[in-house]
Each structure stands twice: as structure tokens, then as C-alpha cells.
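# Descriptive analysis of the structure
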Amino acid sequence: MKKYSYFLVMFIITGCGPGDRLVFRHPGEVRVVDQHLCIRSSPGDHLSYYSLSYSADQYQNPLAYEDNIDRKFPDTCIVADLKKTADYNLLYIINGIKYRVDFIINEKGELKNKKVIK
């Protein structure tokens, strides 16, 4: 009986399953084309969610957000008014895989990826 109790306690303490399913762990890729932020995708890909936020409001209010969508390649660009020297965070789901991109738009208007925290 002690073995079963020990197992039950360890199961509860460590949690069940492979971890938090809400975490966006995979590093994503984006590029800026005119006033569009384009998510890297390939033929057959389906974009079902995205949320773009930035540092000017401490990432509180999304600049762009869509959920429960079915955008197919090549329609994976987002209209966004990107400001220079601001930090941005983009979360998105393609084909059920959750991606995260942290980036900055430098003084020249170029996108620079930041280190992804895992």
C-alpha cells in the first residue's frame, strides 16, 4: 500500500503529461514586407491563431490578434504598424504547433530576432 501511496503522491507533485500545453516553445520565423509581418509557412500549412504584442504597453494589449481561423499558405501575413526600437512578441499556431518569435525593429526598420527564452 505504501508503494501505491508514494506513486500517487509523486504523480500529483510532478503533474501528468508532457508539460504545459499552452506554452509556445518552438522558435518561429517572420519577416517584414512593407507594412506586413509575414510568418514563414509552406504549401499545405494552416495558420489557426496569432497574437502580436509589443513593449510600449508592457505586452498587455495585442496589436493584432485572430483565433479559430484557417489561413492557408501563402495567406500568412499580418497587417501591422511596426514602430522602430520597440520589442515585439508574436505567438502563432501553424498545423497545431505553437511558435514564438521575440524581435525588435531597429532604427533602420530592420527586424532583428531576440534570443528565445525556453
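Attention here is on the structure that accompanies the text. Computed from a prediction, not measured in an experiment: that's the story for all the values here. (Residues numbered from 1 in each chain as written. Predicted model: local features only at pLDDT ≥ 70, side-chain atom pairs only at ≥ 80, totals over all residues. Heavy atoms only, no water.)

### Comments concerning the packing of aromatic side chains
- Applying the stated rule across the entire model yields 5 aromatic pairs.
- Taken together, a centroid distance of 5.7 Å and an interplanar angle of 85° make the contact between Y49 and Y65 edge-to-face. Placement of the pair is Y49 in strand β4 (residues 46-54) and Y65 in strand β5 (residues 64-72), with a sequence separation of 16 residues.
- Relative accessible area serves as the criterion here: at 15%, Y49 is assigned to the buried category.
- Taken together through their ring pairs, the aromatic side chains of F24, Y49 and Y65 make up a single cluster. (Phe/Tyr/Trp six-rings, centres within 6.5 Å; stacked < 30°, edge-to-face > 60°. Helix = DSSP H or I, 4+ residues; strand = E, 2+ residues; numbered from the N terminus. Buried < 20%, exposed > 50% of the residue type's maximum accessible area, 1.4 Å probe, protein only.)

### A look at the pattern of salt bridges
- Per the counting criterion, the structure on display carries 6 salt bridges.
- The salt bridge partner of E66 is R71, with a shortest N-O separation of 2.9 Å.
- Relative accessible area serves as the criterion here: at 18%, R71 is assigned to the buried category.
- The partner of D81 in a salt bridge is K83, and the shortest N-O contact between them spans 2.9 Å.
- Under the relative-accessibility criterion, D81 is labelled exposed at 52%. (Salt bridge = Lys/Arg side-chain N within 4 Å of Asp/Glu carboxyl O.)

### Here's the deal with unusual backbone geometry
- Residues F73 and P74 are joined by a peptide bond in cis, for which omega reads 10°.
- Looking at the element boundaries, P74 is found in the loop between β5 and β6 (77-79).
- Non-glycine residue D34 carries a positive phi angle of around 55°.
- Here D34 lies in the loop between β2 (30-33) and β3 (36-39).
- With a relative accessible area of 69%, D34 lands in the exposed category.
- Phi is positive for T85, close to 60°, though the residue is something other than glycine.
- Along the chain, T85 falls in the loop between β6 and β7 (87-94).

### Some points on the environment of N106
- Considering the arrangement of structural elements, one finds N106 in the loop between β8 (97-105) and β9 (111-113).
- Exposure remark for N106: the relative accessible area of 19% places this residue in the buried category.
- Put simply, N106 and D87 are 19 residues apart on the chain and 9.3 Å apart in space, counted from C-alpha to C-alpha.
- Those residues in contact with N106 that sit more than four places away from it in its chain are K84, T85 and K112.
- Of note is the side chain of N106, whose polar atom sits 2.9 Å from the backbone nitrogen of E110. (Contact = heavy atoms within 4.5 Å. Polar contact = N/O pair within 3.5 Å; in protein donor to acceptor, adjacent residues only side chain to side chain.)

That's the geometry; what it means functionally is another story.
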